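# Survey of secondary and tertiary structure
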Amino acid sequence: MRRLLASLFVKASTTTVFVAVLSYVAGSYLLLSAAGESEIIAPDNFLYWLVVTASTVGYGDFSPVTPAGKMVVAAWVIPLGLSLFALVVTRVGFAVSEFVHRGKRGLRMTNHVNHTVIIGWNGTRTLRLIELLLAKTNGTASEIVLCVEADIENPMPGKIDFVRVESFSHIEGMQRAGLADAARIIIDNPLDDVTLTTALFCDKYSPSSHKTAYFQDENVGELLRAHCPNIECIPSVAVELLAKSSLDPGSARLHRQLLDSTYGMTQYSVEYCGEEPLPVAALFDHFKRDLSATLIAVRRKGVVIIEVNPALTDQVGKGDMLYYISAKRLDEKRCFDIKMNEGEGVGTCLPN
């Protein structure tokens, strides 16, 4: 009997607990009413008295006065009330604990729009990537969702959301990361073949997001680019930096600083959305004089190749991407507020 009751106590469903509580409340009311306890069952007193008695607080402001009422309280209200009160409190505690642990284990559904999804786990490298992204978003929590296959818990609780899946090509699991509503997807796996299949999956289920994939083997990246030209493939540049630093000392430190948003000057990008074209010379002078930034490159709309150090006479049109170096990301309202000699040209910009 003890094992049976313990099993029912642990395995009872929410519906069973709810029905048991209602039965207890209704039974207590009917028995006390039959025992002649008019004061206790008054509408203003009954639920208050029942909760106080069942939880063993017992203020003593109300108590049974008839012999039959005292028997009902001793044989029904207190014994069953103690059991049900412990059951409800335990179930609530389990529910809260399960909710918290599901989030830590990555089993909870996230609910974000225009967020960043990082797919893959590379230990300290992934943690460094998250730190850089948080620095660019002013440390805003829950704008980043880390999606992994590894059997780990959230490495940065309170700062990012975390999702653990069985496979990066499993739609039900990936939906918990809000893949379809993501603005940016970063794919960084230790194995290039996993990165390749994950990128193809993301291109299908999140076509409007900006996707970036890191490959150790540049040939695999070229294969992906041939099928998905909109995905930005990042090859390993360790060898190139090694050669560059041997010929031009300090190049590795320079490139690292340009990528590090937590210290010094950093490279950013912005899209030109003005209706009227502007010359590079006017933009370069405006960025340098008014914004303390340096314009270094332009990527034409619909073109993959980036024009580094463009000619001052070149024109920048709507949809072109500008790359600049600055201590921080520029205010989008000031980027293209330029006064030209022949008038005033005003544009707007959207940060990337």
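Calculation rules
Residue numbering note: each chain is counted from 1, following its sequence as written. Note on the predicted model: pLDDT of at least 70 is required for a residue's local features to be given, and 80 or more for side-chain atom pairs to be given and counted; whole-chain, interface and lining totals, by contrast, use all residues. With hydrogens and water stripped out, all remaining heavy atoms of the structure feed into the side-chain values. Secondary structure counts use DSSP, requiring at least four H or I residues in a row for a helix and at least two E residues in a row for a strand, with both numbered from the N terminus. Exposed residues in this analysis have more than 50% of their type's maximum accessible area, buried residues have under 20%, and partly exposed residues fall in between, with area computed by a 1.4 Å probe over protein chains only. Pairs of residues are marked as contacts when any of their non-hydrogen atoms sit within 4.5 Å. With residues, only the protein chains shown are counted as cover, and all accessible areas are computed by Shrake-Rupley using a 1.4 Å probe. UniProt positions are given in the numbering used here, feature names are shortened, and annotations may be inferred rather than shown by experiment. One requirement defines pairing of two strands: DSSP has to find at least two bridges between them. Comment: axis = line fitted to C-alpha atoms, over the contacting stretch for helices; angle = value between 0 and 180 degrees taken between N-to-C directions. Every patch collects residues that have over 30% relative accessible area and no salt bridge, joining them within 9 Å if they carry like charges and within 5 Å if they are nonpolar side chains (Val, Leu, Ile, Met, Phe, Trp, Tyr). Salt bridges are identified by distance alone: a Lys or Arg side-chain nitrogen within 4 Å of an Asp or Glu carboxyl oxygen. In protein, a polar contact requires one atom able to donate a hydrogen and another able to accept it; more generally it is a pair of N or O atoms within 3.5 Å, and residues adjacent in sequence count only if both atoms are side-chain atoms. Oblique is the label for every angle not falling under 35 degrees (roughly parallel), over 145 degrees (roughly antiparallel), or within 65 to 115 degrees (roughly perpendicular).

The protein chain carries the name Ion channel in an unreviewed UniProt entry, which gives Microbulbifer spongiae as its organism.

## Structural notes on the overall build of the protein chain
Scanning the protein chain from terminus to terminus reveals eleven helices and 15 strands. Sorting the 352 residues of the protein chain into buried and exposed places 37% on the buried side. Taking as baseline every contact in the protein chain between residues at least 6 positions apart, the subset at least 24 positions apart corresponds to 60%. For the protein chain, the accessible surface area stands at approximately 20,800 Å², while carbon and sulfur atoms represent 60% of it.

## Details of the UniProt feature "transmembrane region" (unreviewed entry) in the protein chain
The feature "transmembrane region" (unreviewed entry), as annotated in UniProt, sits at residues 12-34, 46-62 and 74-100 in this numbering. Summarising residues 46-62: 53% helix, 0% strand, and an end-to-end C-alpha distance of 10 Å.

## Topic: the sheet that holds strand β4 (residues 184-187)
Across the sheet, six strands lie side by side as β3-β2-β1-β4-β5-β6; this open sheet has parallel pairing. Only two strands of the sheet have a single neighbouring strand rather than two, namely β3 (161-164) and β6 (232-235). Sheet twist, expressed as the mean angle between neighbouring strand axes with direction ignored, is 20 degrees. Examined bridge by bridge, strand β1 (residues 116-119) and strand β2 (residues 144-148) share four bridges and lie parallel to one another. Bridge assignment links I119 to a residue of β2, and that residue is C147. Together, β1, β4 and β5 (210-215) form the strand contacts of helix α7 (residues 192-205), whose direction differs from that of β5 by roughly 170 degrees.

## Some thoughts on the environment of G274
Considering the arrangement of structural elements, one finds G274 in the loop between β7 (266-272) and β8 (278-279). Under the relative-accessibility criterion, G274 is labelled buried at 3%. Each C-alpha atom of the pair G274 and D320 lies 9.9 Å from the other, and the pair is 46 residues apart in sequence.

## Brief notes about a nonpolar patch on the surface
Side chains of F18, V19 and L22 sit close together on the surface and give an oily, nonpolar patch of about 300 Å² of accessible area. Within the secondary structure, V19 is located in helix α2 (residues 14-34).

## Looking at the side chain of H115
By secondary structure assignment, the location of H115 is in the loop between α4 (67-104) and β1. We classify H115 as buried; its relative accessible area is 2%. A polar atom in the side chain of H115 sits 3.0 Å from the backbone oxygen of A177. Here H115 is in contact with E143, V145, A177, G178, D181, A182, A183 and R184, once residues within four sequence places are set aside.

## Observations concerning the packing of α2 against helix α3 (residues 46-54)
Axis separation between α2 and α3 bottoms out at 12 Å; the angle between their running directions is 110 degrees. By the criterion of interaxial angle, the relationship of α2 to α3 is roughly perpendicular. Here Y24, V25, S28, Y29 and L32 of α2 lie close against α3, whose contacting residues are F46, L47, W49, L50 and A54.

## Comments concerning the environment of F201
Tracing the sequence through the fold places F201 in helix α7. F201 sits in the buried class, given a relative accessible area of 10%. Along the primary structure F201 and F168 are separated by 33 residues, whereas in three dimensions their C-alpha atoms are 8.0 Å apart. Setting aside chain neighbours within four positions, we find F201 in contact with F168, S169, H170, I171, M174 and L179.

## Brief notes about the pattern of salt bridges
Enumeration according to the criterion identifies nine salt bridges in this entry. A salt bridge links D314 to R300; the nearest nitrogen and oxygen atoms lie 4.0 Å apart. Here D314 is found in the loop between β10 (307-308) and β11 (315-316), whereas its partner R300 is found in the loop between β9 (294-299) and β10, with 14 residues between them in sequence. Relative accessible area serves as the criterion here: at 24%, D314 is assigned to the partly exposed category. The class for R300 is buried, based on a relative accessible area of 18%. The salt bridge involving R300 is made with D320; its shortest N-O contact spans 3.1 Å. Within this pair, whereas R300 is found in the loop between β9 and β10, its partner D320 is found in the loop between β11 and β12 (321-326), the two being separated by 20 residues in sequence. Connected via shared salt-bridge partners are R300, E307, D314 and D320.

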